Amino acid sequence: MAAPIFRCFSWFRWSGTLNLSGFLPLGLRKAHSGADGLLAAQKARGLFKDFFPERGTKIELPELFNRGTASFPQTIYCGFDPTADSLHVGHLLALLGLFHLQRAGHNVIALVGGATARLGDPSGRTKEREALEKESVQANARALRLELEALAANHQQLFSDGRPWGSFTVLDNSAWYQKQHLVDFLAAVGGHFRMGTLLSRQSVQMRLKSPEGMSLAEFFYQVLQAYDFYYLFQRYGCRVQLGGSDQLGNIMSGYEFIHKLTGEDVFGITVPLITSTTGAKLGKSAGNAVWLNRDKTSPFELYQFFVRQPDDSVERYLKLFTFLPLPEIDHIMHLHVKEPERRGPQKRLAAEVTKLVHGREGLDSAKRCTQALYHSSIDALEDMSDQELKELFKEAPFSELVLDPGTSVLDTCRKANAIPDGPRGYRMITEGGVSINHQQVTNPESVLIVGQHILKNGLSLLKIGKRNFYIIKWLQL
């Protein structure tokens, strides 16, 4: 067994004080003799919500971050449990928090919970998460690692600001838990946790009072998350944990564990939770997740999610989900007051997020799909790939047909199973209920023309009525 490492990094201590009377209003308050303090800037954006422990965060934490990062960068981590094979928009704020810290010169760690996901985090949940098989968790963990690395690469390549950045590292906590034996681990770690303190956590209290109660596996989750923080503190010098506001209890457990063993101070920062218009938390459990994996949510769907944000949310989302400077956001909103019908802030928000998640190609794809669907652009249709068409019309049947000489509109509709056989299907065409590539066709006997009915990419978009789409890929053109 790899026994827990209990040693202290005394060289993390610092001296001196910082004359800060508090964080609020951080957008106006000076931090470290300047208005550009990292924590102040993110508090002003609304990205950083709470700080823990309250004692010390008004002086020590700002000083920790506002020191010269080139010579003394800090290390911050945030955990992501692989309960699915993709992250979703609800995870983006924590990632943006890591990216902002990285941009300020600090080293950040995205921790995939390949071990903790098998227990299930009870925080913010009214009932126990459905247990996942070990193989499913491992497959999800591999997918999340790849996704996190791709997001970090997009951030590095497309959002560089010319400053030296810190590192971005992806780890999996199964790497250290698979070396542990249960009894040895409990003997070494368990004695440092008090039952009264663990039971007092709000997330635990809520579950204990619920009809379903709480399992031992869930109850033990906060111990493992606390140990994760301790392990990263010892191995990587990590002094700060970032998480959603529902993670505060778990962060507190980590702080108490580390402080008890080492005497050192560590800190927690929370980001707000993103909710739907009904107030429900966005995520897999609520059934309203907007995924970051293209196979689950296309770039077009992600783009449209942000384009559809109401005016009363878009300014806040520009501050939370983008790297745009606050003065630029103010300018965007000022223009919006003059021309609200253009939805300029929503389009800029959607473009920034889609580019971060899917890269420049993904943003271009989203814009092509938008033009093809909402602006009936033939040029956009011609430039779309098979994949984009399938993403755009997920519910639309996709057919591959051979273009025989003399193939008519009627033949095409029937081969695609788009209209019923007999006179009724014939009348649907003559009565104007059918269009090909956004052009209405009323003659069933018309022969298909390449360049009109068949685009240069070999595709035809068949629409029956107002909402029924059929995608046809022509072979042997």
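No experiment lies behind these values; they were computed from the predicted model shown.

1. Description of empty space enclosed by the protein
Part 1 of the argument: This model, assessed by the stated rule, comprises 2 cavities of 30 Å³ or more.
Part 2 of the argument: Volume-wise, the largest cavity comes out at about 40 Å³.
Part 3 of the argument: Lining the largest cavity are Asp121, Pro122, Ser123, Ser203, Val204, Met214, Glu218, Phe219, Tyr221, Gln222 and Asn250.
Part 4 of the argument: Only helix H9 (202–208) and helix H10 (216–236) provide two or more residues apiece to the lining of the largest cavity.
Part 5 of the argument: By residue number, the principal contributor to the lining of the largest cavity is H10, which donates 4 residues.
Part 6 of the argument: Class assignment for the residues of the lining of the largest cavity results in 5 nonpolar, 4 polar and 2 charged.

2. A few points about a nonpolar patch on the surface
Part 1 of the argument: On the surface, Leu182, Val183 and Leu186 cluster together into a nonpolar patch covering about 300 Å² of accessible area.
Part 2 of the argument: For leucine 182, the position within the fold is in helix H7 (residues 182–189).
Part 3 of the argument: Leucine 182 sits in the exposed class, given a relative accessible area of 60%.

3. A word on the packing of helix H4 (residues 89–103) against helix H5 (residues 134–158)
Helix-helix packing is characterised by the crossing angle of the two axes and by the distance between the axes.
Part 1 of the argument: Direction vectors running N to C along H4 and H5 enclose 45 degrees, while the axes themselves pass 12 Å from each other. Judged on the interaxial angle alone, H5 and H4 are oblique. Pair H4 / H5 crosses with right-handed handedness. Contacts between H4 and H5 involve Leu95, Phe99, Gln102 and Arg103 on the former and, on the latter, Leu148, Leu151, Ala152, His155 and Gln156.
Part 2 of the argument: Of the residues contributing to the contact of H4 with H5, the split by class is 5 nonpolar, 3 polar and 1 charged.

4. A look at the packing of aromatic side chains
Part 1 of the argument: Applying the stated criterion across every chain yields a total of 19 aromatic pairs.
Part 2 of the argument: Between phenylalanine 99 and phenylalanine 168 the ring centres are 5.5 Å apart and the planes differ by 35 degrees, which places this aromatic pair in the tilted class. Of this pair, phenylalanine 99 sits in helix H4 while phenylalanine 168 is found in strand S4 (residues 168–172), placing the two residues 69 residues apart along the sequence. The residues phenylalanine 99 and phenylalanine 168 share a single accessibility class, namely buried.
Part 3 of the argument: The interplanar angle of 85 degrees and the centroid separation of 5.2 Å between the aromatic rings of phenylalanine 185 and tyrosine 227 together place this pair among those described as edge-to-face. With phenylalanine 185 in helix H7 and tyrosine 227 in helix H10, this pair connects stretches of sequence that are 42 residues apart. Across this residue pair, the class does not change: phenylalanine 185 and tyrosine 227 are buried.
Part 4 of the argument: Each member of the aromatic cluster is reached from another via a ring pair, and the members are Trp176, Tyr177, Phe185, Phe193, Tyr227, Tyr230, Tyr231 and Phe257.
Part 5 of the argument: If you follow lysine 296 out to its NZ or CZ, it ends over the ring of tryptophan 291, 4.5 Å from the centre.

Calculation notes
Residue numbering note: each chain is counted from 1, following its sequence as written. Only residues with pLDDT of at least 70 are given local features in this predicted model, and only at 80 or more are side-chain atom pairs given and counted; all residues enter the totals for whole chains, interfaces and linings. Just so you know, side-chain values use all the structure's heavy atoms and leave hydrogens and water out. In this analysis the probe radius is 1.4 Å and the grid spacing 1 Å, with only protein atoms considered; a cavity is a set of points the probe fits into but cannot get out of, a pocket is an open set with protein on both sides within 12 Å along at least five of seven lines, and lining residues have an atom within 4 Å of a point. Grid points are joined across faces, edges and corners, and a volume is the space filled by probe spheres set on the points. Numbering goes from the N terminus for both helices and strands, where a helix is a DSSP run of H or I of at least four residues and a strand is a run of E of at least two. Ten residues, namely Ala, Val, Leu, Ile, Met, Phe, Trp, Tyr, Cys and Pro, are considered nonpolar, four, namely Asp, Glu, Lys and Arg, are considered charged, and the remaining ones, Gly among them, are considered polar. Distance thresholds for patches are 9 Å for like charges and 5 Å for nonpolar side chains (Val, Leu, Ile, Met, Phe, Trp, Tyr), applied to residues having over 30% relative accessible area and no salt bridge. A 1.4 Å probe and the Shrake-Rupley method give the accessible areas. Residues count as covered only by the protein chains that appear here. Basic side-chain nitrogens of Lys or Arg form a salt bridge, by our definition, when they fall within 4 Å of a carboxyl oxygen of Asp or Glu. Accessible area is worked out with a 1.4 Å probe on protein chains only. A residue is then buried under 20% of its type maximum, exposed over 50%, and partly exposed in between. Lines fitted to the C-alpha atoms define the axes, with helices restricted to the stretch that makes contact. Angles between their N-to-C directions range from 0 to 180 degrees. Working definition: roughly parallel below 35 degrees, roughly antiparallel above 145 degrees, roughly perpendicular at 65 to 115 degrees, and oblique for all remaining angles. In a left-handed crossing the near helix is turned counterclockwise from the far helix by less than a right angle, and in a right-handed crossing that turn is clockwise. For this analysis, residues touch if any pair of their heavy atoms sits within 4.5 Å. Here the aromatic set is Phe, Tyr and Trp, taking the six-membered ring for Trp, and pairing holds for ring centres within 6.5 Å; pairs whose planes are under 30 degrees apart are stacked, those over 60 apart are edge-to-face, and all others are tilted. Here, a charge over a ring means that NZ of Lys or CZ of Arg falls within 6 Å of the ring centre while also lying within 35 degrees of the ring normal.

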